[in-house]
Every structure is written in structure tokens, then in C-alpha cells.
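Chain and residue survey
Here are the chains, one letter per residue:
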Amino acid sequence: MLDQTEGYITADGRQIGGTLMEMKNITLKFGGLVAIQDISFDIREGEIRAIIGPNGAGKSSMLNIISGFYTPTIGEVWYKGAKRPPMKPYEVARMGVARTFQNIALFEGMTVLDNVMTGRLTHMKAGIGAQALWWGKAQREEIENREICEKVIDFLEIQNIRKTPVGRLPYGLKKRVELARALAAEPSILLLDEPMAGMNVEEKEDMSRFILDVNDEFGTTIALIEHDMGVVMDISDRVVVMDYGKKIGDGTPDEVRNNQDVIDAYLGVAHD
Amino acid sequence: MLKDIFINPFVDMVEAPDFLLQVLWEGLVSGVLYALIALGFVLIFRSSRIFNFAQGIMVVFAALTLVGLHSFGVPAWISVLLTLGVMFVLAVGIERVVLRPLVGQPDIILFMATIGITLFLIGGGEIIFGGENKQMITEELGIPTGDTVLEPWGGLLILQHLDITVVVVACALVAALLAFLNYTQMGRAIRALGDDHQAALSVGISLQTVWVLVWFIAGIIALVTGIAWGARAGVSFALEVIAYKALPVLMLGGLESIAGAIIGGLMIGLMEKLFEIYWGQPLLGGNTETWFAFVLALIVLLFRPQGLFGERIIERV
Ligand SMILES: Nc1ncnc2c1ncn2[C@@H]1O[C@H](COP(=O)(O)OP(=O)(O)OP(=O)(O)O)[C@@H](O)[C@H]1O
Ligand SMILES: [Mg+2]
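The paragraphs below set out a description of the structure included in this document.

Conventions adopted
Residues numbered from 1 in each chain as written. Chains lettered and ligands numbered in written order. Predicted model: local features only at pLDDT ≥ 70, side-chain atom pairs only at ≥ 80, totals over all residues. Heavy atoms only, no water. Helix = DSSP H or I, 4+ residues; strand = E, 2+ residues; numbered from the N terminus. Rg over C-alpha atoms; globule rule 2.2 N^0.38 Å. Buried < 20%, exposed > 50% of the residue type's maximum accessible area, 1.4 Å probe, protein only. Contact = heavy atoms within 4.5 Å. Areas by Shrake-Rupley, 256 points an atom, 1.4 Å probe, with all protein chains shown as cover. Lys, Arg positive; Asp, Glu negative; His and termini not counted. Charge placed at Lys NZ, Arg CZ, Asp CG, Glu CD. Buried area = accessible area lost by both parts, 1.4 Å probe. Salt bridge = Lys/Arg side-chain N within 4 Å of Asp/Glu carboxyl O. Polar contact = N/O pair within 3.5 Å; in protein donor to acceptor, adjacent residues only side chain to side chain. Nonpolar A, V, L, I, M, F, W, Y, C, P; charged D, E, K, R; others polar. Near = heavy atom within 4 Å. Axes fitted to C-alpha atoms, helices over the stretch in contact; angles between N-to-C directions. Parallel < 35°, antiparallel > 145°, perpendicular 65-115°, else oblique. Left-handed = near helix turned anticlockwise from the far one by under 90°. Donors = N, O, S within 2.8 Å, 3.2 Å for Na, K, Ca; no water. Phe/Tyr/Trp six-rings, centres within 6.5 Å; stacked < 30°, edge-to-face > 60°. Lys NZ or Arg CZ within 6 Å of the ring centre and 35° of its normal.

A word on the overall build of chain B. Helix and strand counts for chain B stand at 14 helices and 2 strands. Its C-alpha atoms give chain B a radius of gyration of 20 Å, within 12% of the compact-globule value 20 Å for 317 residues. Considering chain B as a whole, with its 317 residues, one finds that 55% of them fall into the buried category. A separation of at least 24 residues holds for 73% of the contacts in chain B among residues at least 6 apart in sequence. As displayed, chain B offers around 13800 Å² of accessible surface, 71% of which is attributable to carbon and sulfur atoms. Each charge class in chain B was averaged separately, 14 positive and 23 negative side chains, and the resulting centres sit 12 Å apart.

The helix and strand tally for chain A stands at 10 helices and 12 strands. Its C-alpha atoms give chain A a radius of gyration of 19 Å, within 12% of the compact-globule value 19 Å for 272 residues. Relative to its 272 residues, chain A shows a buried fraction of 54%. Look at the contacts in chain A between residues 6 or more apart in sequence, and 67% of them connect residues 24 or more apart. Here chain A displays about 12100 Å² of accessible surface, and carbon together with sulfur accounts for 50% of that area. Charged side chains in chain A number 31 positive and 41 negative. The centres of these two groups are separated by 7 Å.

Think of interface size as the accessible area that goes away when the parts come together; that is how it is often given. Counting from both sides, the interface comprises 26 residues of chain B and, opposite them, 29 residues of chain A. Buried area between chain B and chain A, summed over both chains or domains, comes out near 2400 Å², and the portion from carbon and sulfur atoms is 64%. When the area that chain B buries against chain A is broken down by residue, the three leading residues are Q185, R188 and V203 of chain B, summing to 26%. Here chain B and chain A share 3 salt bridges between them. A salt bridge links R191 of chain B to D114 of chain A, with the nearest nitrogen and oxygen atoms 2.9 Å apart. Across the contact surface, chain B and chain A share 7 residue pairs in polar contact (both at pLDDT 80 or more). At 7 residues, the largest contribution of residues to the side of chain B that touches chain A is made by helix α8 (residues 185–195) of chain B. Tallied by class, the residues present in the side of chain B that touches chain A amount to 13 nonpolar, 9 polar and 4 charged.

Looking now at the site of ligand 1. Residue and element names in this part refer to chain A. In the vicinity of ligand 1, 15 residues are found, and the nearest of them are G56, K59, S60, S61 and Q102. Interatomic distance of 2.9 Å between a backbone N/O atom of G56 and an oxygen atom of ligand 1. Between ligand 1 and G58, the relevant distance is 2.9 Å, taken from an oxygen atom to a main-chain nitrogen or oxygen of the residue. Sort the elements by how many residues they give to the shell around ligand 1 and helix α1 (residues 59–66) lands first, with 3 residues. In the shell around ligand 1, the residues fall into 6 nonpolar, 7 polar and 2 charged.

All names here are of chain B. Where helix α3 (residues 17–48) meets helix α12 (residues 246–253), the closest approach of the two axes is 9 Å, and the angle between their N-to-C directions is 70°. Relative to α12, the element α3 lies roughly perpendicular. As for how α3 packs across α12, the hand of that crossing is right-handed. Contacts between α3 and α12 pair Y34, I37, A38, F41 and V42 from the former with A246, V249 and L250 from the latter. Residue composition of the contact of α3 with α12, grouped by class: 8 nonpolar, no polar and no charged.

Reference values for coordination geometry: four tetrahedral donors around a metal ideally subtend 109.5 degrees, six octahedral donors ideally subtend 90 or 180 degrees. Residues and elements named next belong to chain A. Within the protein, the atoms that donate to the magnesium ion (ligand 2) are S60 (OG) and Q102 (OE1), at distances of 1.9 to 2.1 Å. Here the residue S60 occupies a position in helix α1, and Q102 occupies one in the loop between β8 (97–99) and α3 (112–118), the gap between them amounting to 42 residues. When its relative accessible area of 21% is taken as the criterion, S60 is described as partly exposed. Here Q102 falls in the partly exposed class, since its relative accessible area comes to 31%.

Residues and elements named next belong to chain B. Packing of helix α5 (residues 76–102) against helix α6 (residues 107–129) brings their axes to within 11 Å, and their N-to-C directions diverge by 145°. Crossing hand, α5 versus α6: right-handed. For the pair α5 and α6, contact is made by L90, I94, V98, L99 and L102 and by I109, L110, A113, I117 and L121, respectively. Of the residues that constitute the contact of α5 with α6, the class distribution is 10 nonpolar, no polar and no charged.

Structurally, K174 of chain A can be placed in helix α6 (residues 171–184). Among the polar contacts made by the side chain of K174 of chain A, one reaches the side chain of E108 of chain A at a distance of 3.4 Å.

Once that is clear, we can look at the packing of aromatic side chains. Within the structure shown, the criterion is met by 15 aromatic pairs over all chains. Summarising the aromatic geometry, the rings of F155 of chain A and F218 of chain A are spaced 5.3 Å apart at their centres and angled 55° between planes, so their arrangement reads as tilted. A residue pair is termed long-range when its members are at least 10 positions apart, and F155 of chain A in helix α5 (residues 136–155) and F218 of chain A in helix α7 (residues 201–218) qualify at 63 residues. Overall, the relative accessible area of 53% leaves F218 of chain A in the exposed class. On the numbers, 5.3 Å between centres and 35° between planes, the contact of F41 of chain B with F51 of chain B is tilted. Within this pair, whereas F41 of chain B is found in helix α3, its partner F51 of chain B is found in the loop between α3 and α4 (55–71), the two being separated by 10 residues in sequence. When its relative accessible area of 2% is taken as the criterion, F41 of chain B is described as buried. Members of the aromatic cluster, joined through ring pairs, are F10, F19, F275, Y278, W279, W291 and F292 of chain B. Sitting above the plane of the W78 of chain A ring, K24 of chain A keeps its charged end 3.9 Å from the centroid. For R181 of chain A, the ring lying beneath its charged end belongs to F107 of chain A, and the centroid distance is 5.0 Å.

As C-alpha cells, then:
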């Protein structure tokens, strides 16, 4: 079994660290609807952790809890060894949690570069007055932010659309810009809600490569929701399986693949 | 009759180009101020979906505060700084007392709340500074009051130095605001929140901070317009009417477009002046400036319900 403090070594030989984020007995209700029922799992430092399950299983709700958009009805979120008090999403973001959305949430009227620059807002230090006057520290910060964003833009190979308003981009590129904005925050943990939904095979391959490269080069911990089983099994280290708000499996891709509950509940069910 | 409408005005324009310039200049002066006020509306609307009915009274309130402070013996420029301070406190107060408790309520409730703010400011302004008409402290602020006479094409063009100052200051303020919005992180946060609330939250933008900021910007704009109009027409609650000219500007430019507010403001300023001088006065007995902008906006809306520039690419959830 997994060691709580020293982490483990993955199938491809990467060292995974201790617990970064831990969900303890999370229950989430919307009125009478129980979207998540008593689920616990952890996310280790440096790990690529997948959450899978049929439509309506409660995956996005779980991600929304991690990023502070939803508050669990019961249960605790532990982050970097401490229990996290109830927080607004922007406060969670400032603690190093960046995310993308299932239905892409970009600033459509702004350019790609400006969208990516907003990813740096969590690192804003200069006061509003200094910014308004374009004063010393604010100016240095702007230049520094710009450099980091240009690196991310190069990394994701979107240099040629830097100045394009996001509203004009095709779907696949939007998904990439959203990832760029999240990466610009230099997050401790990156949450991706179906980063490959609606993409063709080639785009999926690109996105898989980017996710692996981010994890590899920056050591970023990643939690992702994905429906494409091939992709999930390929890139993730451990997988949580949800069905109707319950956790029905948790382990390496191989373990999950051979779990009878999972086979019955999920793999047998047709989904998009 | 048809000749009076379709031919004579243009003949007049061509025959006295210096006078046409004069008319255009005066239209421009009003136009930049309309644009400025509309910009305040747009910033607040984009970031909070609130149609700020109080914008007009904020102009009066800022001007009253400035003049009032000076009448208590505070030096002119210190009064300006203090008034800015008051507008900041007002922004913080509105966010705390009005916006924060009402967040998530239907738009109409928030709109009603801004009517409440309007009444509060009228009452507060009258109690503290009195309701009678006052002089703007134009000279004390060092705003030039003379005029310059030019003679284009051997004609005559009179530029009030006050008007020149107003245009220069208003343009500078608009330029500074655009630079702030486009090239600083806080400015990007304001624009981002206007585009997508959810995404804005996810990148660490605090609604409260942005709201205080946009209301404060609206306050700064109110003070500048209050000084400018106050210098021409005196400081009284009648000034409020000027701010409502921003309504047709917004109908033309769209509630969410920053560029639309600027272009719309300039267009209305210029067109209402042209109409008044060349059509209104000879044919309709004058005084058309009070209603022309509204009629123009209605006509435009008949053909383009989304406003002149309102090409909405954003689909909201
Ligand atoms: N804000 C909300 N209000 C009410 N019900 C909600 C809300 N968010 C999610 N739900 C409900 O919770 C359940 C789980 O939804 P969720 O979006 O988490 O599923 P999911 O696993 O992400 O599904 P999908 O694969 O379709 O994205 C669904 O029944 C959904 O209708
Ligand atoms: Mg989902």
C-alpha cells in the first residue's frame, strides 16, 4: 500500500511525494439531490490523478469543491497539511490552485496574451495606486509577469495567436489558451475538467503531451477529469472512479481496469 | 419646406465654414463629457450588471462637496484631494452596505438600490452643503477663463479657455483610463470580470476589490464632469440632467462596450449641437438639445437593437 509520507514510485519511474490535497468524507447535497456521498481520497505531490465516471457522477462537483466554487455539505478539505477553512474561489486560487472548466470559461473579448496575463493575478503584489501610476514595483512586476506568460505561450505553442481575441479562436485552441492561463499562475495543483472533450484524435494527442510535459518539467501536481479511457489509462498515475456520487474504485490504472465494480458500473455503460 | 430641411442647412455650413467649426467645437466639448460619464456607467455595468442610476447625482454630489469644502476655508487643491477621498469612501461604503448584501439578487433590485443611493446622496448633499445654486471655484483651481479668437478662412472662431481645458483634461482622463484598463493587472481584472464571472473568480479576482475600484473610478469621473459643467452652469442639482445624457449614449454604444461609450458620447455631443443650430433653431424654435439625443437613440435602436457597436460575442450562462 501507499506510504503516507514518503510517497511512491510510478510505473514509469517518477518519484511521487507526500499528500498535497486530501478530501475527507465529502458529501455534497443540492436540496434533496445527493451529488457526492461520503467520498475520501488524496492527491499526492507530483502526481497525475484522474477522476472518472459516467455523466452526472459528481466529478465536476468534486473539482468545484477543491477549487472553492462549491462548499461541501459535510466533510473536510486538507491542503498542504492543514485543514482548509471555507473559502471563496478567489482565495483558493491565491493558495496555488488553478483550474480549467468543462465548458471553457475564457475572457472572450480579450486577447490570448491578456487572458494568459490574468493568470498572474494571483501573484499581484503592487498596489492599485502604483499600478495606476505605472510606478517602480508595478512596472517591474508587469515585465516579470509578461516574461512568464511568454514562456507559457511558447511552451503551449500558441505564439502565433498571441494577439488574437479569444472569441475568434476555434474550440481546440480555446482549450489550450485556458490551460495556458492556468499554467501562468504557476500553480501548486492544476485542476482540469475534461481538457480533451470535443477534440479530434490529433488534438487529444497534443493535449496529452502538454499535460505530461507540464507535470514533467515543472513538477506540477495535476487532477483531471476525462471521459476518454484510453487517454486516462495512458497518462494518469492513479484514478478515482465515481458513480452516482459514490466512489467505487481508486488505484492505479491497472487496478481500476480490473475492478469488477468499475467494470459493471462504468465501463459497461455507454457514454459520450 | 423640404428645401429648409435638406438643402439650406448644408448651404449654410459650406458658406460659413468658420461657424460650422464653432458649432462642431462646442459639440465636441459636450461630447467628451458625455463619453466620460458613459464610460463610468459601462465599467460599473460590465463588472456588476448594475445599471447605475446614481451616476448623475454623483456628479452633483462631487461638485457640491468640492465647493462646500472650499467654502469651509479649505484651499482649492486640498479640497479636490479631499473630495477624491470622499468619493473613495463612498465607493467602499456602497460596496459594503449596498452591493455585498444584495449580490445575487435580481438586476431590478440592484437597480432600485442605486435609486436609493441617489436619494441618499441628494439628502446628504443638501443637509451638509445646502441646496442652493453655487459657483464652481473655477479660478481658485487655476482653470483659465479667457478666450482665444482664431480666424480660419478669414472668419471667426472663439475658443473658451475653459472649454479647451475641459477637452484636454477629459481626453487625458479617458486615455489614462484606457491605459490603466489595458496595461495593468488591476485593469485586466476589471475587464476580465466584465467578460466572465466564473473565470474571473478562478484566477483569483475578488469581486469586492473590483467593485470598489469601478465605483471609485465612476466617482473620479463624476468629480471631473462636475467641475467642468459646474464651471459653465453653476453647481446645483440641475447638473444631474447632464448625466442622463449618458443614457442615449449607452443606447447607441451598447451597455458593455468601452469603445462604444466613447464613440457614442462624441457622436451625440456633435450631432445634437449640429441639429440644434442648423435644424432646431430655424425650424423648431430651438431647445432641441434636451430631447434630440433620446430620439436619435430610439431611431437607431429601431434598426439596430443591439446598439451601433454591440456585436455580442459573449454568451452568458
Ligand atoms: N449547481 C448545481 N445545482 C444543482 N445541481 C447540481 C449543480 N451542480 C451539479 N449538480 C448536479 O449534481 C450531479 C453531479 O453533477 P456533475 O456536474 O458533478 O457531474 P459530472 O460527473 O461532472 O458529469 P459530466 O460527465 O456530465 O460532466 C448532477 O445530477 C447535477 O445535475
Ligand atoms: Mg462534469
